[in-house]
Amino acid sequence: DISFLQVSPDGRSMAFIDKSSSTLYLYRFDTQKLSRKSHFQAKAAKTNLLFSEDGKLIFYLVENLRNSKDFSVEIMDAESQKVIKRIALKSDIVLPAAFSMTTDQNIWAVGEKSGRILLFSAEDGRLLSALDSDQEAILGLYFDSDRLLISLKSTGMFNVWGIEK
């Protein structure tokens with residue numbers, strides 16, 4: 001059950017999540033190597049992953065196996081395929097469905113199936129704000145700039161949110 005396929009901006013690699021096993025896979029086009037990434041006491045969340053604009057970093061949510069409401073963002077070096085940082089998100093998250101970040105990588109947004117959107121500081125994982133979207137599942141999030149967040153709801157409608165930094 002492959003989902004959330006992303007190709008790096010430089011076109012050298014792609015990454016995807018197998019939803020049935022909550023596992024992240026990376027594929028390098030130059031070496032034709034597929035790698036399965038294991039996580040210590042965590043599993044990849046069933047949300048999209050993101051490449052940095054230069055394609056050097058991969059950002060994705062992981063769920064703590066001890067508490068399904070504890071999530072972290074793992075940052076992986078795309079070349080070495082090693083996790084270089086894990087930042088705990090300081091808020092309970094219920095059924096995450098979408099993930100996005102500002103272009104400057106300072107704010108992360110997590111959309112829930114409940115319709116709530118949580119904004120976090122990428123520096124330390126603290127909750128900055130919570131936005132409510134009429135209790136309709138969030139299917140996608142996209143930062144159009146560092147100040148506008150677009151959310152797609154399960155009904156096909158979308159909201160545009162102004163974000164203060």
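Refer to the structure presented above.
The rules behind these values
- Residues numbered from 1 in each chain as written.
- Predicted model: local features only at pLDDT ≥ 70, side-chain atom pairs only at ≥ 80, totals over all residues.
- Heavy atoms only, no water.
- Pairing = 2+ DSSP bridges.
- Helix = DSSP H or I, 4+ residues; strand = E, 2+ residues; numbered from the N terminus.
- Axes fitted to C-alpha atoms, helices over the stretch in contact; angles between N-to-C directions.
- Contact = heavy atoms within 4.5 Å.
- Polar contact = N/O pair within 3.5 Å; in protein donor to acceptor, adjacent residues only side chain to side chain.
- Core = buried A, V, L, I, M, F, W, Y, C linked by side-chain atoms within 4.5 Å.
- Buried < 20%, exposed > 50% of the residue type's maximum accessible area, 1.4 Å probe, protein only.

A. Inspection of the sheet that holds strand S15 (residues 148-153) at higher detail. Reading across from one edge, S14-S15-S16 is the order of the 3 strands in this open sheet, with antiparallel pairing throughout. What marks the edges here is a single partner per strand, and that holds for strand S14 (138-143) and strand S16 (158-162). For this sheet, the mean angle separating the axes of adjacent strands, direction not counted, is 20 degrees. The pairing of S14 with S15 spans 5 bridges and is antiparallel. Residue glycine 140 lies in a different strand from S15, and its bridge partner there is leucine 152.

B. A look at the environment of glutamine 81. Note on placement: glutamine 81 falls in the loop between strand S8 (71-77) and strand S9 (82-88). Along the primary structure glutamine 81 and arginine 36 are separated by 45 residues, whereas in three dimensions their C-alpha atoms are 9.8 Å apart. Dropping the residues within four chain positions of it, glutamine 81 is found in contact with Leu26, Arg28, Ser35, Lys37 and Met76. Of the polar contacts made by the side chain of glutamine 81, one reaches the side chain of serine 35; its length is 2.9 Å.

C. Spatial organisation of the nonpolar core. Grouped together as the largest cluster of nonpolar side chains are 16 residues, with contacts concentrated most on Phe59, Val73, Leu89, Phe99 and Trp108. Listed by contribution, the elements that provide at least two residues to this core are strand S7 (57-64), S8, strand S10 (96-101), strand S11 (107-112) and strand S12 (116-121). If we skip the residues at most four places from it in the chain, phenylalanine 59 touches Leu49, Leu50, Ser52, Val73, Glu74, Ile75, Phe99, Met101, Gln105 and Trp108. Among the nonpolar cores identified, the runner-up in size contains 12 residues, and Ala109, Leu131, Phe143 and Trp161 belong to it.

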